[in-house]
Amino acid sequence: MRIAISGATGMIGQKLSAFLLAQGHQIGVITRRSSYHQAQTSVIVWDPALNYIENEQLEAFDVIIHLAGASIGEYWTTEYKKEILESRVLSTRLLCKTISKLKAKPKLLISASAIGYYGNHAPQEILDEDSTAGEGFLADVCRQWEAETLAAEQADIRVIRMRLGVVLSKTGGAIAKMWTPFHLGLGGILGNGRQMMSWVSLDEIPYVVDHLIKNDKISGAVNVVSPQAVSNAQFTKILGQVMHRLTVLPVPGFVIKLLFGEMGQNLLLEGAHVVPRCLQESGYQFRFADLKEALKCLI
């Protein structure tokens, strides 16, 4: 198949591109860098901030995978929050309006979103794809982000809104930031430790995407999380066991808020118990369902 990917140079994009190339697919990279070069890939140049894209280069792709967006793991100033929102909304708007007008439209758009859509919830509340949007900055970003895919749906393109959980990887995301403190024996529970972590292994994501491409009955929101969510306290204990380190130094909530501000509150002290109902009902078999085994793969 011919598959175009935005955000192909990011943590998830690199893993997914390598996987799809290994399967024999032709990959097009949607990028702002006209000088970008990677073996076996073509380049589609865009600049969402300028509302520019080489639309003719998108003709005749079978699948578009949209992963681009500013990292949410940086300190949230007012300006950076604007960048987080606009990097997702403007890019999705441009991409969806463009592909909806192509002569040879893609059969499928997989657009990244996040379980931040659901907001913060108590541990006993279990959320699936039918759960309503939550409150707060991240929920609002996800709601606006996903709304921009409507143009593609109206053009009879199958659309999947891929709501990603906390991605387990040493190369980026929350776990990469936690790795060094834990390695030094400075890891511990965050806040009260009761907040839920709905996670997914980075290595799982390409298999999920492959499943979504091949199952043409799947559309709409899809939670990409392991079926075994854990509390922060459970996660801390298991990560300590895997790394053979003590986890006896809890980090009080006020310290996290002092160091990381609103970002720390949202990403580290809040959470939700999200389940992958759509994937399970469609017959997907998780390869990295157990947290301990998934973390061992990172060592």
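In the block above lies the structure referred to throughout.
Residues numbered from 1 in each chain as written. Predicted model: local features only at pLDDT ≥ 70, side-chain atom pairs only at ≥ 80, totals over all residues. Heavy atoms only, no water.

Student: Please give an account of helix H5 (residues 173–183) that cites residues and values.
Tutor: Residue pairs spaced three or four apart in an α-helix point in one direction, given the helix's 3.6 residues per turn. Of all the positions in H5, only Ile-175, Met-178, Trp-179 and Phe-182 are classed as buried. Angularly, the buried residues of H5 cover 125° about the axis, an arc narrow enough to put them on a single face. When the buried face of H5 is taken as reference, the exposed residues oriented beyond 90 degrees from it are Lys-177 and Thr-180. Tucked into the core, H5 has its buried residues touching strand E9 (166–168) and helix H7 (232–243). Immediately downstream of H5, the backbone of Gly-185 shows phi near 80°, a positive value. (Buried < 20%, exposed > 50% of the residue type's maximum accessible area, 1.4 Å probe, protein only. Helix = DSSP H or I, 4+ residues; strand = E, 2+ residues; numbered from the N terminus. Arc of directions from axis to C-beta. Contact = heavy atoms within 4.5 Å.)

Student: Quick rundown of the nonpolar core? Include the residues and the values.
Tutor: Formed by 45 residues in total, the largest nonpolar core has its most connected members in Ile-65, Ile-110, Ile-205 and Leu-212. Look past the residues within four positions of Leu-212 in its chain and what remains in contact with it is Leu-108, Ile-110, Arg-158, Ile-160, Met-162, Ile-218, Val-222 and Leu-279. Ala-4, Phe-61, Leu-94 and Ala-152 belong to the second-largest nonpolar core, a separate cluster that totals 19 residues. (Core = buried A, V, L, I, M, F, W, Y, C linked by side-chain atoms within 4.5 Å.)

Student: Describe in detail the pattern of salt bridges, supporting the description with residues and values.
Tutor: For the structure shown, the criterion picks out 14 salt bridges. Salt-bridge contacts for Asp-203 lead to Lys-15; the nearest nitrogen and oxygen are separated by 2.9 Å. Taken as a pair, Asp-203 in the loop between strand E11 (199–201) and helix H6 (205–214) and Lys-15 in helix H1 (residues 11–22) lie far apart in primary sequence, 188 residues in all. For Glu-262, the salt bridge identified is with Lys-81, shortest N-O distance 2.9 Å. Taken together, the residues Glu-262 in helix H8 (residues 253–268) and Lys-81 in helix H2 (residues 78–100) connect sequence positions 181 residues apart. (Salt bridge = Lys/Arg side-chain N within 4 Å of Asp/Glu carboxyl O.)

Student: How would you summarise the pairing of strand E5 (residues 63–66) if you had to cite specific residues and measurements?
Tutor: Of the two faces of E5, the one holding Val-63 and Ile-65 and the one holding Ile-64 and His-66 are both buried throughout. Two strands pair when backbone bridges link them, and strand E1 (residues 2–6) and E5 are joined in this way by four bridges, in the parallel orientation. Bridge pairing in E5 places Ile-3 opposite Val-63. Inspection of the sheet shows E5 paired to strand E6 (residues 108–114) by four bridges, in the parallel sense. From the neighbouring strand, Val-63 faces E6, where its bridge partner is Leu-108. The handedness of the E5 to E6 crossover, carried by H2, is right-handed. (Pairing = 2+ DSSP bridges. Right-handed = clockwise from strand over helix to strand, strands pointing away.)

Student: Outline unusual backbone geometry, listing residues and values.
Tutor: We note that Asp-156 has phi near 65°; this positive angle belongs to a residue other than glycine. Within the secondary structure layout, Asp-156 lies in the loop between helix H4 (150–154) and strand E8 (158–164). You can call Asp-156 exposed: its relative accessible area is 73%. For His-244, which is not glycine, the phi torsion reads 55° and is therefore positive. Note on placement: His-244 falls in the loop between H7 and H8.

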